[in-house]
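# Summary of the model geometry
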Amino acid sequence: MADPTRSVIAVLWTCFGLAALGPLTSRADVFAAVNVAAPPPRFDFDVAIVNASLGTRVALPAVVNTNAFEIYPSISSDGRRLLFQRFGGSDGRRVLLVDTSTGQSADLFTPTEIALNPIFNSNITSDGTTVATGRRFRAIAFSSGTRFFPEVTRTDVRSFPTGPFPRSTLRSPLSFSATGNVTDVAVGGNANELYALRVAAGTGPGALLLIQLVPNSFSRAAFLSGPTADYGHPALASRNAFDFFNVFFEDRSSGDYDLVFRRADPLSFEGTPLPVPFLAGDTDDSQPGLTDDGRYLGFVRHGSDGHDRLFVRDQVTLTTLNPNGVDLGFVTTRGIGSVSLYLRTVITASRITTTGNVTATLTEASRIGILVQRITGVTKERGQKLYELEPVGRVPLGDYGAGNVFTHWDFEVDGEALPPGRYLVTLRAVDGDLIREFGEPQVLRIGESGHAHTQGKDDQ
């Protein structure tokens, strides 16, 4: 893995509160629902929820993992509702929703429903209220001939676990000349109005279809494909402060999987996908997943030793939480695995003042420190800031118990005062050399006199 603080362009969303050095809310331990190797002597896949930094696993109810294959996990943002598919058992293919605290579970489709219209991969919305499932294209006859429309089944699970579970159908306004399947579904947007689908028509490779649901109007869609490209497994953030957003997905065109992204709006999705900048081109990376706000990007790397490893990247500080990754076992999950992220708060608020006072509130004991990065450039794109960063160093602050933290920083790194310039300073919680979480970034300006300043007009 490359140096996690190497200078790269960082996307800083205004919803992160990147402004003056004032009170900030922070983020949390990052957890991922992922596929892992089943314990020997079994050779199937299990579902696990792991701490993306420490690799520790959350205990799951007994109903989750069996001798069959449990695949494609998706989890709500509170970590309570875990969705997955099961196949290879005596009861056929199933879509199961489980409460991770109580163990209550429910089947979302009956065997008859699945036999009549096969199910593909599913995704639960971050609020845990709706499950979107890929289905076969719908054939509709017109006077000019039959057209085939991609469809997604939306299941309302607010009455979980008892039901009933009302259904509705999302049908693409774009159609195809051949039948096919919606094999992957991602749901995002501020009101779950954005859907990114992998569609495979006829014998062609996978393409991406982006659909926005517009209140009191028809849905609108945009399409992304390539003559030799095979795209899959899209990921969207559930909150977005702009009229455009990033869609992360797999490029399966070569022997290895690559992670790419496209900046899109509901009417424009065309163009060449861009490689995720911090990933080496010769690695096998798949299954992108995003936290609600899009700050953390998770993915699985398949190594030359045959092991899958989970990585999670903070897209603001350009830092990987665990540079070695979390070992998921001797297994290859690309194609039927998934990464689904949620957050558990450790730091509920933090502040670094221009006099060097550092305050924070911790929900549990933790070691904390400050990551310092120099801002070497800044651009704006339609209201979105993009910073170019280079590493300066890390400032340890010590171990603290749960509750309020009061300490001080002298604006030095490794015994040297910060020279004049602008810096991104970010409180973080750590465990040894591993990063548990990052706080919200703050911009600090050191003047020629050596004094710290909040952002001025020229720094916005």
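### Considering unusual backbone geometry
The peptide bond linking P40 to P41 adopts the cis configuration, its omega dihedral lying at 5°. Locating P41 in the fold gives a position in the loop between strand 2 (28-37) and strand 3 (45-51). Of note, the amide linkage connecting F160 to P161 takes the cis form, showing an omega dihedral of 5°. With respect to the element layout, P161 can be found in the loop between strand 12 (151-156) and strand 13 (167-171). The phi dihedral of N192 is positive, around 55°, even though this residue is not glycine.

### What about the side chain of D285?
Its place among the elements puts D285 in strand 22 (residues 284-290). A distance of 2.6 Å separates a polar atom in the side chain of D285 from a polar atom in the side chain of T283.

### Considerations on the sheet that holds strand 19 (residues 245-251)
Taken together, 4 strands build an open sheet; the order of strands is 18-19-20-21 and the sheet is antiparallel. Only two strands of the sheet have a single partner each, and these edge strands are strand 18 (231-235) and strand 21 (274-275). Bridging between strand 18 and strand 19 involves 3 bridges; their strand directions are antiparallel. In the sheet register, Y231 faces strand 19, and the bridge partner there is D251.

### Considerations on the sheet that holds strand 17 (residues 220-224)
An order of 14-15-16-17 is seen for the 4 strands of this open sheet, with the pairing classed as antiparallel. Two strands lie at the open edges of the sheet, namely strand 14 (180-188) and strand 17, each paired on one side alone. On average, adjacent strands in this sheet sit at an angle of 20° to one another, irrespective of strand direction. Sheet topology places strand 14 next to strand 15 (residues 194-201); 8 bridges connect them, and they run antiparallel. The partner of D184 across the bridge, within strand 15, is R198.

### Concerning the confidence of the model for the protein
When pLDDT is averaged across the protein, the result is 87; 90% of the residues are at 70 or more. Throughout residues 1-27 the model reports pLDDT below 50, and contacts reaching past four residues in sequence, or to other chains, amount to 111 contacts. Counting interchain partners and residues more than four positions distant, the pLDDT-below-50 stretch residues 456-460 has 8 contacts.

About the thresholds
- Residues numbered from 1 in each chain as written.
- Predicted model: local features only at pLDDT ≥ 70, side-chain atom pairs only at ≥ 80, totals over all residues.
- Heavy atoms only, no water.
- Helix = DSSP H or I, 4+ residues; strand = E, 2+ residues; numbered from the N terminus.
- Polar contact = N/O pair within 3.5 Å; in protein donor to acceptor, adjacent residues only side chain to side chain.
- Pairing = 2+ DSSP bridges.
- Axes fitted to C-alpha atoms, helices over the stretch in contact; angles between N-to-C directions.
- pLDDT = per-residue confidence, 0-100.
- Contact = heavy atoms within 4.5 Å.

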